[in-house]
Amino acid sequence: MSSWLLAQVVVEQLLEAGVRDVVLSPGSRSAALAIALRRADERGELRLHVRIDERSAGFIALGIAKVDGRPVAIATTSGTAVGNLMPAVMEANHAGVPLVVLSADRPVSMINSGANQTTDQAGLFGAQVRAAARLASSNGEPDGWRFQLRRALALAAGTRTRNPGPVQVNLAFDVPLLPTDEKPSPAQPLAVTPAVSGTSRLELPVGARTVVLAGDAPVALGRRARVLAQAANLPLLAEPSSNARSGDRAIATYRLLLDKADLGGRIERVIVFGRPTLSRPVSRLLARRDVEVVLVADQATWVDPGFSARAVVDAVDLAPGDPHWTNQWLTGDQTLQIKIEMARREIDEGGRLDGGRLAELVVDRVGDGALVLGSSNPIRDADLAAIGDGAPRVYANRGLAGIDGTISTAIGVHLGLGEPVTALMGDLTFLHDVGGLWLGRLERPPLVRIVVASDAGGSIFHTLEQGGPEHADDFERVFGTPHDVDPAQVAVAYGWQVASVTDTSELASRLLVPVQGPEALVVPISRDDRRAWAERLASL
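A quick note: this is a predicted structure, and the numbers were derived from the prediction, not measured.

Before going further, it helps to examine the overall build of the chain. Regarding its fold elements, the chain presents 18 helices and 19 strands. Over its C-alpha trace the chain gives a radius of gyration of 25 Å, about what one expects of a compact globule, namely 24 Å for 540 residues. With the C-alpha coordinates of the chain rotated into their principal frame, the extents come out at 75 × 55 × 45 Å. Taking all 540 residues of the chain together, the buried fraction comes to 54%. For the chain, the proportion of contacts with a sequence separation of at least 24, taken over those separated by at least 6, is 75%. When the accessible surface of the chain is summed, it comes to about 22700 Å², and 52% of that surface belongs to carbon and sulfur atoms. Between the mean site of the 54 positive side-chain charges and the mean site of the 62 negative ones, the chain shows a separation of 4 Å.

Below, the structure is given as structure tokens:
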């Protein structure tokens, strides 16, 4: 047996399982697999994407897999290369995204020998993966390798479990690491069919004052939330990445209205789709014991932020309720949007942009295109944006809600969709993933437009407890983290087309121009009035 034989079997099984995209971070120990993948790409059997930064590569794979839920593989060499995938694997675990980590390794006999790039990396991801398999080129034979690979790939896809997520396949490659004349024996076919079970539907009685709450969700699940709200004539409280935030039942300012006694305070039932974790008013609602919470889950697992759910089902049936209840929400939403716009005009100085105006412009101009939202303030600003006729397909890393890999995720979403993508993020989120800006000369330039809300620091902390005036002495260094890095210069250094935009009209015009390639719009804004604006919103 040889490393080349094992590499061929790995590629064979990726193709059999329907994997069509592989992201590779090159290295020595993964040489056989890298060559096998390149040749499969040359034959048109899969698409190979090469990146030098493993952390970026992991999030590119994550972004591709987010689009249609098909497993995407990420291949690395041994040692620290594998550890750099941990953030993407953790996000994939909590978001239910199918990733296949192909971690090249040295033979077991080399562990603890002091050899370069050698550590005990099998099982490195622990509880973050659905399964961990170990294969060695010096041990076993093709049919045994196929069994392990088929099982791991099925677990990644959630074929039998309805619980997709990341898996690790650790591949111990022994020398020689380059192609030989060996070819694997023909594979016996194996059909892995989805587990069949009856769809659980819950028929809910009419009468309770009900809202549909949609948290972060794939496009298909978000559409179901929107259809239910429309059919049952219910207020739709939809986060930006729910893919449900459209239609004439969607409440743009729901986050603020939830704290109103005559609206949020009168809710008796919440039907939840997706992962609602964006705001504290939502968390408070879900924690109320006087509210019936019904979770609609599209997978075997579910989240329950308030620990108060009374049912977990595949779908619900509900006849239309009292139109007066929904009309109250719609009227309150319209009134509050007018108040917010008036408050913005009071502080608007000659077209000056703030975070809220920036997010609203981006959401509006993207229309029904694809949008990636960074964590922290940008997604929260989008959560108050007006709801127009067109709604973008929105992607965000809300499994763990970190700022890791947002640029790379946006590139992955573009690669998965095959169409232009706009990404809105803060400057710290941008700087956290500058490795994602790297584009090799032999790779296809992505059609991605990054819009950077550049406020020279961590503006979200201004709105939290530590942003209060009593903590001013501590705040700036350990929370505000001010810096003098110009995101525009960073992007230029990586070869991206860059423009700095300072006023509303110019930004609106630039956002209407089709995305031509890798480009960045850097928008300087201030974070000095973040806390005051949050308090003003609460007072409205």
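Further notes follow.
With that settled, the discussion passes to the packing of helix α3 (residues 54-68) against helix α5 (residues 86-95). Axis separation between α3 and α5 bottoms out at 7 Å; the angle between their running directions is 25 degrees. Relative to α5, α3 is oriented roughly parallel. Residue-level contacts link Arg55, Gly58, Phe59 and Leu62 of α3 to Pro87, Ala88, Glu91 and Ala92 of α5. Residues of the contact of α3 with α5, tallied by class, amount to 5 nonpolar, 1 polar and 2 charged.

All right, on to the sheet that holds strand β3 (residues 72-76) then. Judged by pairing direction, the sheet is parallel, and its 6 strands sit side by side in the order β2-β1-β3-β4-β6-β5 without closing on themselves. Either end of the sheet is taken by a strand with one partner, and the two such strands are β2 (47-50) and β5 (132-136). Neighbouring strand axes in the sheet, compared pairwise and without regard to direction, differ in orientation by 20 degrees on average. Relative to strand β6 (residues 167-172), β5 is paired through 5 bridges, and the arrangement is parallel. Its bridge partner being in β6, Arg134 is matched across the sheet by Asn170.

Another point: the pairing of strand β8 (residues 210-214). In terms of residue burial, β8 counts as a mostly covered element, since 5 of its 5 residues are buried. Residues Thr210, Val212 and Ala214 line one face of β8 and the alternating positions Val211 and Leu213 line the opposite face, and both faces are buried. Taken together, β8, helix α7 (residues 219-231) and strand β9 (residues 236-238) form a β-α-β motif whose crossover is right-handed.

Residues Phe430 and Ile450 are the most contacted members of the largest nonpolar core, which totals 42 residues. Considering each element in turn, this core owes the most residues, 7 residues, to α3. Apart from the residues lying within four places of it in its own chain, the contact partners of Ile450 are Ile407, Ala423, Met425, Phe430, Leu437, Trp496, Glu519, Ala520 and Leu521.

Let us now look at the UniProt feature "domain: Thiamine pyrophosphate enzyme TPP-binding" (unreviewed entry) in the chain. In the UniProt entry, the feature "domain: Thiamine pyrophosphate enzyme TPP-binding" (unreviewed entry) is given for residues 393-510. Across residues 393-510, the secondary structure splits into 35% helix and 17% strand, with the terminal C-alpha atoms separated by 20 Å.

Contact geometry for α3 and helix α13 (residues 406-417): axes closest at 6 Å, N-to-C directions at 40 degrees. The angle between α3 and α13 falls in the class oblique. For α3 against α13, the interelement crossing comes out right-handed. Across the interface between the two elements, Ser56, Phe59, Ile60, Leu62, Gly63, Ile64, Lys66 and Val67 from α3 touch Ser408, Thr409, Ile411, Gly412, Val413, Leu415, Gly416 and Leu417 from α13. Within the contact of α3 with α13, the residues separate by chemical class into 9 nonpolar, 6 polar and 1 charged.

Turning next to the side chain of Arg249. Considering the arrangement of structural elements, one finds Arg249 in the loop between β9 and α8 (254-257). Taking the relative accessible area as the measure of exposure, Arg249 reaches 17% and is therefore buried. Side chain to side chain, Arg249 and Asn233 meet in a polar contact 2.7 Å long. Not counting residues within four places of it along the chain, the set of residues in contact with Arg249 comprises Ala229, Gln230, Asn233, Leu234, Pro235, Leu236, Thr326 and Leu330.

This part is about the pattern of salt bridges. Enumeration according to the criterion identifies 30 salt bridges in this entry. For Glu42, the salt bridge is made with Arg38, and the minimal N-O distance between the two is 3.5 Å. Placement of the pair is Glu42 and Arg38 together in helix α2 (residues 31-42), with a separation of 4 residues, close to one helical turn. For Arg38, a relative accessible area of 41% gives the class partly exposed. We note a salt bridge from Arg449 to Glu519, for which the minimum N-O separation is 2.6 Å. You can see Arg449 sitting in strand β17 (residues 448-454) and its partner Glu519 sitting in strand β19 (residues 519-524), a full 70 residues away along the chain. By relative accessible area, Arg449 is classed as buried at 3%.

A few words on the environment of Val22. Along the chain, the position of Val22 falls in strand β1 (residues 21-24). Linking Val22 and Val490, residues 468 residues apart in sequence, is a C-alpha distance of 27 Å. Each residue touching Val22, except ones within four places of it in the same chain, is listed here: Leu14, Leu37, Leu46, Arg47, Leu48, His49 and Ala73.

What counts, and at which threshold
- Residue numbers here run from 1 along each chain, matching the order of that chain's written sequence.
- pLDDT decides what is reported in this predicted model: residues at 70 or higher carry local features, side-chain atom pairs at 80 or more are listed and counted, and totals for whole chains, interfaces and linings draw on all residues regardless.
- Where side-chain values are given, they derive from all heavy atoms of the structure, hydrogens and water being excluded.
- Labels follow the DSSP assignment, with helices taken as runs of H or I lasting at least four residues and strands as runs of E lasting at least two, numbered in each case from the N terminus.
- The size measure is the radius of gyration over C-alpha atoms, and the globule rule it meets is 2.2 Å times the number of residues to the 0.38 power.
- Throughout, exposure labels follow a simple rule: accessible area from a 1.4 Å probe, protein chains only, divided by the maximum for the residue type, with under 20% read as buried, over 50% as exposed, and the rest as partly exposed.
- Contact definition: two residues touch when any of their heavy atoms are within 4.5 Å.
- What sets the accessible areas is the Shrake-Rupley method with a 1.4 Å probe; for residues, cover comes only from the shown protein chains.
- For the charge count, each Lys or Arg is scored as positive and each Asp or Glu as negative, with His and the chain ends excluded.
- Here the site of a charge means atom NZ of a Lys, CZ of an Arg, CG of an Asp or CD of a Glu.
- A fitted line through C-alpha atoms serves as each axis, taken over the contacting stretch for helices, and the angle formed by two N-to-C directions is quoted from 0 to 180°.
- Any angle that falls under 35 degrees is termed roughly parallel, while one over 145 is termed roughly antiparallel, one within 65 to 115 roughly perpendicular, and all others oblique.
- Each residue gets one of three labels, nonpolar for Ala, Val, Leu, Ile, Met, Phe, Trp, Tyr, Cys and Pro, charged for Asp, Glu, Lys and Arg, and polar for the others, Gly among them.
- Only when DSSP finds a minimum of two bridges between them are two strands counted as paired.
- Note on handedness: a clockwise path from strand one over the helix to strand two, with the strands aimed away from the viewer, defines a right-handed crossover.
- We call a set of buried residues a nonpolar core when its members are Ala, Val, Leu, Ile, Met, Phe, Trp, Tyr or Cys and they connect through side-chain atoms within 4.5 Å of each other.
- UniProt positions are given in the numbering used here, feature names are shortened, and annotations may be inferred rather than shown by experiment.
- Rotating anticlockwise by less than a right angle from the far helix to the near helix defines a left-handed crossing, while the corresponding clockwise rotation defines a right-handed one.
- Pairing of N or O atoms within 3.5 Å defines a polar contact, subject to two protein rules: one partner must be a possible hydrogen donor and the other a possible acceptor, and residues neighboring in sequence count only if both atoms are side-chain atoms.
- Salt bridge, as applied in this entry: a Lys or Arg side-chain nitrogen positioned within 4 Å of an Asp or Glu carboxyl oxygen.

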